[in-house]
Amino acid sequence: TVKEEPSKSVEKKSESSGPAAVAPAKNGNAKEAPRENDKDQPVLKSAPAMTMEQKLETVASFENLTDATFALTEWISKVAKPRDLEDLCATTKTDALVTVFRRSITESKDQSHFDKAILPSMVKLLDSLLAKSGISPTGVSETHNAFETLLKQARRTYLLQKADAQDFV
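Note that the structure is a prediction, hence the values are computed from the model and not measured. (Residues numbered from 1 in each chain as written. Predicted model: local features only at pLDDT ≥ 70, side-chain atom pairs only at ≥ 80, totals over all residues. Heavy atoms only, no water.)

> Help me understand the overall build of the chain in this model?
Counting its secondary structure elements, the chain contains 6 helices and 2 strands. Each helix (α) and strand (β) of the chain, taken in turn from the N terminus, gives the series β-β-α-α-α-α-α-α. Counting every position in the chain, which comprises 169 residues, the buried fraction comes to 26%. Long-range pairs, those at least 24 residues apart, make up 71% of the contacts in the chain with a sequence separation of at least 6. As presented, the chain carries roughly 11,600 Å² of accessible surface, and 55% of it is formed by carbon and sulfur atoms. (Helix = DSSP H or I, 4+ residues; strand = E, 2+ residues; numbered from the N terminus. Buried < 20%, exposed > 50% of the residue type's maximum accessible area, 1.4 Å probe, protein only. Contact = heavy atoms within 4.5 Å. Areas by Shrake-Rupley, 256 points an atom, 1.4 Å probe, with all protein chains shown as cover.)

> Looking at this structure, I do not really get unusual backbone geometry. What am I missing?
Backbone geometry follows two general trends: most residues other than glycine have a negative phi, and most peptide bonds adopt the trans configuration. The phi dihedral of Thr 91 is positive, around 50°, even though this residue is not glycine. Within the element layout of this structure, Thr 91 appears in the loop between α3 (82-90) and α4 (96-106).

> So what exactly am I meant to see when it comes to the packing of helix α1 (residues 52-60) against α4 here?
Relative placement of two packed helices is described by the angle separating their axes and the distance separating the axes. Two elements in contact, α1 and α4, have axes separated by 8 Å at closest approach and are oriented at 5°. Here α1 lies roughly parallel to α4, going by the angle between them. Within the contact between the two elements, α1 uses Leu 56, Glu 57 and Ala 60 and α4 uses Ala 96, Thr 99, Val 100 and Arg 103. Looking at side-chain class alone, the contact of α1 with α4 contains 4 nonpolar, 1 polar and 2 charged residues. (Axes fitted to C-alpha atoms, helices over the stretch in contact; angles between N-to-C directions. Parallel < 35°, antiparallel > 145°, perpendicular 65-115°, else oblique. Nonpolar A, V, L, I, M, F, W, Y, C, P; charged D, E, K, R; others polar.)

> So what exactly am I meant to see when it comes to the nonpolar core here?
Generally speaking, soluble globular proteins have nonpolar side chains that are buried together. Counting 26 residues, the largest nonpolar core has Leu 72, Trp 75, Ile 76 and Leu 88 as its most contacted members. Here this core gets 9 residues from one element, more than from any other, and that element is helix α5 (residues 111-132). Not counting residues up to four positions away in its chain, the partners in contact with Leu 88 are Leu 56, Trp 75, Ile 76, Thr 94, Ala 96 and Leu 97. (Core = buried A, V, L, I, M, F, W, Y, C linked by side-chain atoms within 4.5 Å.)

> Help me understand the environment of Pro 137, please; the structure alone is not making it clear to me.
Here Pro 137 is to be found in helix α6 (residues 137-167). A C-alpha to C-alpha distance of 9.1 Å links Pro 137 and Asp 127, two positions 10 residues apart in sequence.

Shown next, in the form of structure tokens:
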């Protein structure tokens, strides 16, 4: 799973921002005036929370593609609701799934890395998506083999087109 720490923004207190907190005086009385330098102390404010779609886009853009597919697979299998899966697959709210598929085909520079890391993680992602969508284990298994073949062919086609394009440069 992906853990996020809320980002913080810093603002300076202004005199018009309302009453400053007053520390109790030595005798316990809070009537002592605020010190002059209190108004220059930074105030931390939390950044607005990200929507689920923004989080998925961020995950899909992780530099390490295997981390991206793992995080997306975990979200699908553990958190996503049926409506989330429908939106993810239909790309109505986010292109995260399309981004991960495109990256899996185009970004691996090493065929061995594709075969040993990228391909298995992508197949697992699709398996989780199908299983969470209510597809029977038999259906998931049958689709698993077809999807693996499809990804290999898509990658081969991409690499051939890329090589052909370089011939004409």
